[in-house]
Amino acid sequence: MTITGEIRSSKRRSGPPRLKITSLEVLCGILVLALLFQSRLVDLLDVPKLRTASTVFVAICVQAMPFLVLGVLISGAIAAFVPASALRRLLPSKTALAVPVAGVAGIALPGCECASVPVARRLMQQGVAPAVALTFLLAAPAVNPIVLVSTAVAFNDAPMMVVARFVGSLLTAMVMGWLWVRFGKMEWIAERALARMADHTGRSKWAVFAESSRHDLVDAGGFLVLGGLFAAVFKTFVPTAWMQTLGGQIVLGVIVMAFLAVILALCSEADAFVAVAFSALPLLPRLVFLVVGPAVDVKLIALQAGAFGKSFAFRFAPATFVVAILCAVVSGVVLL
């Protein structure tokens, strides 16, 4: 390249920065428009069904938010202050025996689905058997005290729902761990999952805590809003006859709620408040929704593909989906 060409290229690079529109600018624009046309929007939305839907939506979000915030704070504290090696020191040397220990450890080390994926990868990088790390990945977001308390609050008229959810979720995690011991292959896991380790050296633990909490809150809060919106629309606009038909066909109800759990991708600290809104359905399909959601959803599949590779995710996710449904059904039939 000639000197003149280099000068022109330098000028192009040093020119005024392009205006980049992000989601924040879009949100601000929507809020400004809403304020400008507030009176027209009020008249347009002053419909009985919309008022009912908004009431359901606000109720779901208000009830779920304290549990979501508490869960995010604990998850951030674990990421910052609890080393991944703490679990490894408690594990038996035999993998088959370490699987249930890792499942029960999810009670003491709670975290959301998003946080459990990097923790599981960190455990593998520190020499923990994949079956054990994957058991913890499935158990931590589903059997921790925050999830169980939120479920108890949401289903205050059905206390056995808490027990059934705990048993179904823990059983799902352990069965998947044992299946990996029997059939899993290391070549299914991407090399980067074993070679790279998240390192916070040189960073303040409080900075890591604040960053992890902020990330999890924004991510989980967004999914909570989407889930609350869907539940409100579903409860308000779907004809009651449809729900009665679905409620009368248990098998169809189980399948539909399992796929809804995968698609909605709710945070486990808040999903019980969405599930309770499907009041026309029996408890069993709603239990399937609560067990499947924290184990496999579109968000988790993407995270697992990024952390462990597509070859792993495309095998692990479908198997987890089937196992979670079966474990939830067994738990529900016995306990509900």
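This text follows the structure it describes.
One structure accompanies this document, and this report is about it. Keep in mind it's a predicted model, so treat the numbers as computed, not measured.

Another aspect to go through is the packing of helix H8 (residues 130-143) against helix H9 (residues 145-154). Between H8 and H9, the least distance of the axes is 5 Å, while the angle of their chain directions is 40°. Judged on the interaxial angle alone, H9 and H8 are oblique. Of the residues in H9, those in contact with Pro141, Ala142 and Val143 of H8 are Pro145, Val147 and Leu148. Among the residues making up the contact of H8 with H9, the classes are represented as six nonpolar, no polar and no charged.

Take the nonpolar core next. If you look at the biggest cluster of nonpolar residues, it comprises 69 residues, and the most contacted ones within it are Phe155, Phe289, Val292 and Phe308. Element by element, the count of residues in this core is highest for H8, at 11 residues. Non-local contacts of Phe155, meaning those with residues more than four positions away in its chain, are made with Met161, Ala272, Ala275, Val276, Leu283, Arg286 and Leu290.

Further remarks concern the side chain of Thr135. Tracing the chain through its elements places Thr135 in helix H8. A distance of 2.7 Å separates a polar side-chain atom of Thr135 from the backbone oxygen of Ala131. What Thr135 contacts, discounting residues up to four positions off in sequence, is Val99, Ala102, Gly103, Ala173, Met174 and Gly177.

Further remarks concern a nonpolar patch on the surface. On the surface, Val32, Leu33, Leu36 and Phe37 cluster together into a nonpolar patch covering about 400 Å² of accessible area. Along the polypeptide, Leu36 turns up in helix H2 (residues 23-36). Judged by its relative accessible area of 63%, Leu36 is exposed.

About the thresholds
Residues numbered from 1 in each chain as written. Predicted model: local features only at pLDDT ≥ 70, side-chain atom pairs only at ≥ 80, totals over all residues. Heavy atoms only, no water. Axes fitted to C-alpha atoms, helices over the stretch in contact; angles between N-to-C directions. Helix = DSSP H or I, 4+ residues; strand = E, 2+ residues; numbered from the N terminus. Parallel < 35°, antiparallel > 145°, perpendicular 65-115°, else oblique. Contact = heavy atoms within 4.5 Å. Nonpolar A, V, L, I, M, F, W, Y, C, P; charged D, E, K, R; others polar. Core = buried A, V, L, I, M, F, W, Y, C linked by side-chain atoms within 4.5 Å. Buried < 20%, exposed > 50% of the residue type's maximum accessible area, 1.4 Å probe, protein only. Polar contact = N/O pair within 3.5 Å; in protein donor to acceptor, adjacent residues only side chain to side chain. Patch = residues over 30% accessible without salt bridge, like charges linked within 9 Å, V, L, I, M, F, W, Y side chains within 5 Å. Areas by Shrake-Rupley, 256 points an atom, 1.4 Å probe, with all protein chains shown as cover. Salt bridge = Lys/Arg side-chain N within 4 Å of Asp/Glu carboxyl O.

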